[in-house]
Amino acid sequence: RGPNPKSLDQVTGPDDRTIYSVKKETEGRFTFIAHETGTYRFCFSNIMSTVTPKTVSFSLIVGEGSKSQIAKSEHISPLEKSIIALSEGLQQIQSEQEYMRMRERAHRNTSESTNSRVLIWSLIEAGALILMSGAQIIYLRRFFEQKTRV
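Calculation rules
- Residues numbered from 1 in each chain as written.
- Predicted model: local features only at pLDDT ≥ 70, side-chain atom pairs only at ≥ 80, totals over all residues.
- Heavy atoms only, no water.
- Helix = DSSP H or I, 4+ residues; strand = E, 2+ residues; numbered from the N terminus.
- Areas by Shrake-Rupley, 256 points an atom, 1.4 Å probe, with all protein chains shown as cover.
- Phe/Tyr/Trp six-rings, centres within 6.5 Å; stacked < 30°, edge-to-face > 60°.
- Buried < 20%, exposed > 50% of the residue type's maximum accessible area, 1.4 Å probe, protein only.
- Pairing = 2+ DSSP bridges.
- Axes fitted to C-alpha atoms, helices over the stretch in contact; angles between N-to-C directions.
- Salt bridge = Lys/Arg side-chain N within 4 Å of Asp/Glu carboxyl O.

When its secondary structure is counted, the protein chain shows two helices and three strands. Written out in order from the N terminus, the α and β elements of the protein chain read β-β-β-α-α. Per element, the accessible surface of the protein chain, about 13,400 Å² overall, is 58% carbon and sulfur.

Another point: the packing of aromatic side chains. In this description, an aromatic ring pair is defined by two values, namely the gap between the centres and the angle between the planes. With the rule as written, the count across this model stands at three aromatic pairs. Considering the side-chain rings of F32 and Y40, the 5.6 Å spacing of their centres and the 45 degrees angle between planes classify their relative orientation as tilted. Ring plane angle 20 degrees and centroid distance 6.5 Å describe the contact between Y139 and F143, whose orientation is recorded as stacked. With a gap of four residues between them, Y139 and F143 both fall in helix 2 (residues 78-144), about one helical turn apart. For Y139, a relative accessible area of 57% translates into the label exposed.

Two strands pair when backbone bridges link them, and strand 1 (residues 9-12) and strand 2 (residues 18-22) are joined in this way by four bridges, in the antiparallel orientation. Looking across to strand 2, one finds that V11 is bridged to Y20. Here strand 1 hands over to strand 2 after five residues, with D16 in that stretch at a positive phi of 60 degrees. When strand 1 meets strand 3 (residues 41-44), the two strands line up antiparallel, connected through four bridges. The partner of V11 across the bridge, within strand 3, is F42.

The pairing of strands in a sheet happens through backbone hydrogen bonds and is either parallel or antiparallel. With antiparallel pairing, the three strands of this open sheet are ordered in space as 2-1-3. Both edges of this open sheet fall to strand 2 and strand 3, since each of them pairs with a single strand only. Each adjacent strand pair in this sheet contributes to an overall mean axis angle of 10 degrees, direction not counted.

Here we come to the environment of I33. Relative to the assigned elements, I33 resides in the loop between strand 2 and strand 3. Linking I33 and V62, residues 29 residues apart in sequence, is a C-alpha distance of 9.4 Å.

It is worth spelling out the pattern of salt bridges at this point. A full pass over the atoms with the stated rule returns five salt bridges. The partner of E98 in a salt bridge is R101, and the shortest N-O contact between them spans 3.4 Å. One end of the pair, E98, and the other, R101, are both in helix 2, three residues apart, so they sit about a helical turn from each other. Its relative accessible area of 39% is what places E98 among the partly exposed residues.

The subject of this paragraph is the side chain of T12. With respect to the helices and strands, T12 occurs in strand 1. With relative accessibility at 1%, the residue T12 sits in the buried group.

Okay, structure coming up:
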């Protein structure tokens, strides 16, 4: 649990300054560039719903720093600039695909869980209908039976 116990998601920098904080979100995205070296803390809390288990997944992409620190713009040829842009675009596409796979997995699990609940409920309803039909047949047979008096 982070320094703010009501916060569901919080990112804190090396100087204990809150970089990102959000409440009551089930999913989302957040991107930031670390301008300082040090330990960054990612805090997740389950205080809003402690009854059900939660799955938290996140992806960290650690790079070598900004491109301006590596080389000046005038020292990079247009071909190299294109290669850098393509590399960044490819990394973004890979990240997007992984995010979509994670969402598809979560939605598939939800769908399968719902389907199994519907199946169980349907079986319970069918069993109740069979029991009620049997009870009605027994009741009607007893009602129309002729009783002999001696």
